[in-house]
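Commentary on secondary and tertiary structure
The residues making up each chain are set out below.
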Amino acid sequence: MVRIQKYLRDIGVGSLRECDRLVQSKCVYVNNNLVDTPSIYLKENDIITVNNKNYTYKSDSDKEFYYIKINKPKGIISTKNDEYFRKNIFDLLKVNYKNTLNYAGRLDKNSSGLMVLSSDGDFIYKLTHPKYNIIKEYYVKANYPVNFEQLKKISNGVIIDGVKYSNFNFNKISEKELFIYLNEGKKHEIRNIIVYIKNVIDLLIRTKIGNIELGSMKEGEYKFIEPDIIKNITEL
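The following paragraphs examine the structure supplied in this document. (Residues numbered from 1 in each chain as written. Predicted model: local features only at pLDDT ≥ 70, side-chain atom pairs only at ≥ 80, totals over all residues. Heavy atoms only, no water.)

Remarks on the packing of helix α3 (residues 121-128) against helix α6 (residues 227-234)
Two packed helices can be described by the angle between their axes and the distance between those axes. Two elements in contact, α3 and α6, have axes separated by 9 Å at closest approach and are oriented at 75°. Taken together, the axes of α3 and α6 lie roughly perpendicular to each other. Seen from α3, the contacting residues are Phe-123, Lys-126 and Leu-127; seen from α6, they are Ile-230, Ile-233 and Thr-234. (Axes fitted to C-alpha atoms, helices over the stretch in contact; angles between N-to-C directions. Helix = DSSP H or I, 4+ residues; strand = E, 2+ residues; numbered from the N terminus. Parallel < 35°, antiparallel > 145°, perpendicular 65-115°, else oblique. Contact = heavy atoms within 4.5 Å.)

Quick notes on the state of the cysteines
Following the criterion strictly, the structure yields 0 disulfides and no others. Distance from the sulfur of Cys-19, which forms no disulfide, to the nearest cysteine sulfur (Cys-27) is 11 Å. A residue is classified by how much of its surface remains accessible, and Cys-19, at 0% relative accessible area, is buried. (Disulfide = S-S within 2.5 Å. Buried < 20%, exposed > 50% of the residue type's maximum accessible area, 1.4 Å probe, protein only.)

Structural notes on the side chain of Lys-69
Take Lys-69: it is sitting in strand β7 (residues 67-72). Buried charge Lys-69 goes without a salt bridge, the closest partner of opposite sign being Glu-226 at 4.6 Å. There is a polar contact of 2.9 Å between the side chain of Lys-69 and the backbone oxygen of Glu-213. If sequence neighbours within four positions are ignored, Lys-69 has contacts with Leu-114, Met-115, Ile-212, Glu-213, Met-217, Glu-221, Tyr-222, Lys-223 and Ile-225. (Lys, Arg positive; Asp, Glu negative; His and termini not counted. Salt bridge = Lys/Arg side-chain N within 4 Å of Asp/Glu carboxyl O. Polar contact = N/O pair within 3.5 Å; in protein donor to acceptor, adjacent residues only side chain to side chain.)

Here's the deal with the packing of aromatic side chains
The final tally for this structure, using the stated rule, is 7 aromatic pairs. Judged by centre distance (6.0 Å) and plane angle (80°), the ring pair of Tyr-125 and Tyr-132 falls under edge-to-face. Here the aromatic residues Tyr-139, Phe-179 and Tyr-181 are joined through ring pairs into a cluster of three or more. (Phe/Tyr/Trp six-rings, centres within 6.5 Å; stacked < 30°, edge-to-face > 60°.)

Looking at the pattern of salt bridges
Scanning the model with the defined rule gives 5 salt bridges in all. The closest approach of N and O atoms between Lys-6 and Asp-122, which form a salt bridge, is 3.7 Å. Within this pair, whereas Lys-6 is found in helix α1 (residues 4-10), its partner Asp-122 is found in helix α3, the two being separated by 116 residues in sequence. Asp-122 gets classed as partly exposed once you look at its relative accessible area, which sits at 39%. Between Arg-106 and Glu-18 there is a salt bridge, with its nearest N and O atoms 3.4 Å apart. Within this pair, whereas Arg-106 is found in the loop between β8 (102-103) and β9 (112-118), its partner Glu-18 is found in helix α2 (residues 16-24), the two being separated by 88 residues in sequence.

A look at the side chain of Asp-46
Note that Asp-46 resides in the loop between β4 (41-42) and β5 (47-50). For the buried Asp-46, no salt bridge is present, and the opposite-charge side chain at shortest range is Lys-43, 4.0 Å distant. A polar contact of 3.0 Å, which involves the side chain of Asp-46, links it to the side chain of Asn-31.

Observations concerning helix α5 (residues 189-196)
Along α5, the positions that sit buried rather than exposed are Glu-189, Ile-190, Ile-193 and Ile-194. The arc enclosing the buried residues of α5, seen along the axis, measures out at 130°, which places them on a common side. (Arc of directions from axis to C-beta.)

Points about α2
Since the α-helix turns once every 3.6 residues, residues separated by three or four places project in the same direction. For α2, the full list of buried residues reads Glu-18, Cys-19, Leu-22 and Val-23. In a view along the axis of α2, the buried residues occupy a sector of 145°, so they form one face of it. Summarising the contacts, the buried residues of α2 are in contact with α1, β2 (28-30), β5 and β8. Of the residues flanking the end of α2, it is Lys-26, one or two places downstream, whose phi is positive at about 60°.

Let's talk about the nonpolar core
What tends to happen in soluble globular proteins is that the nonpolar side chains get buried as a cluster. Ranked by size, the top nonpolar core spans 34 residues in total, and within it Leu-101, Leu-117, Val-140, Leu-151, Ile-180 and Ile-190 carry the most contacts. Every element with two or more residues in this core is listed here: β7, β9, β10 (136-142), α4 (148-154), β11 (158-160), β14 (177-182), α5 and β15 (201-209). Sequence-distant contacts of Val-140, that is, excluding residues within four places in its chain, are made with Lys-176, Glu-177, Leu-178, Ile-180, Ile-190, Ile-194, Ile-201, Leu-203 and Leu-204. Counting 18 residues, the second largest nonpolar core, distinct from the first, contains Tyr-67, Leu-114, Val-116 and Ile-134. (Core = buried A, V, L, I, M, F, W, Y, C linked by side-chain atoms within 4.5 Å.)

Just distances and angles here, no functional claims.
As structure tokens, then:
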């Protein structure tokens, strides 16, 4: 058995927080009964209804998981549940199971690069939870020469506008370019860090998530992740 909140996340309805809000907003039914708490457990063949869409719960042994990496273009949003119906990353996929997919760490509209999509909730969890120490690599190009001394001073952690950002590493490429490495990426973290050192980001591209690489994929292109890479992560 699995909790309704986790199941909704695993089938790509949204993040755990978004699924919790759906339950609290009285948008979720199980076997035509309104769900009023995200902590209930599902049984085999339960019918779950979310926003008038029906799903049948099956145990993991009956599921087929999918693992995709995609190069998100700038101007495309990450989330599939957008009230303004803007073009999102899932619109780029030509597969018939896109509704079962969720992402391992979103990118904001003005960023581009590697995103990982999967129907395997445990795989997503291991890629995103800090305890598994999956390092994310970002290429950053700033508008002005970067103050690397100041960046070094805050690389052990910093509080910006009341938000605590954990330690991070970086490698200088040029006066305006660098790679930044994060274990735990919070909303707009890299942009906020660069603004904190009195600069502005011109280009932000995620290039790696653990051993999953963007490589030479063109913008909008997607590929299936190699089985050995999947195994390395699922066995963590």
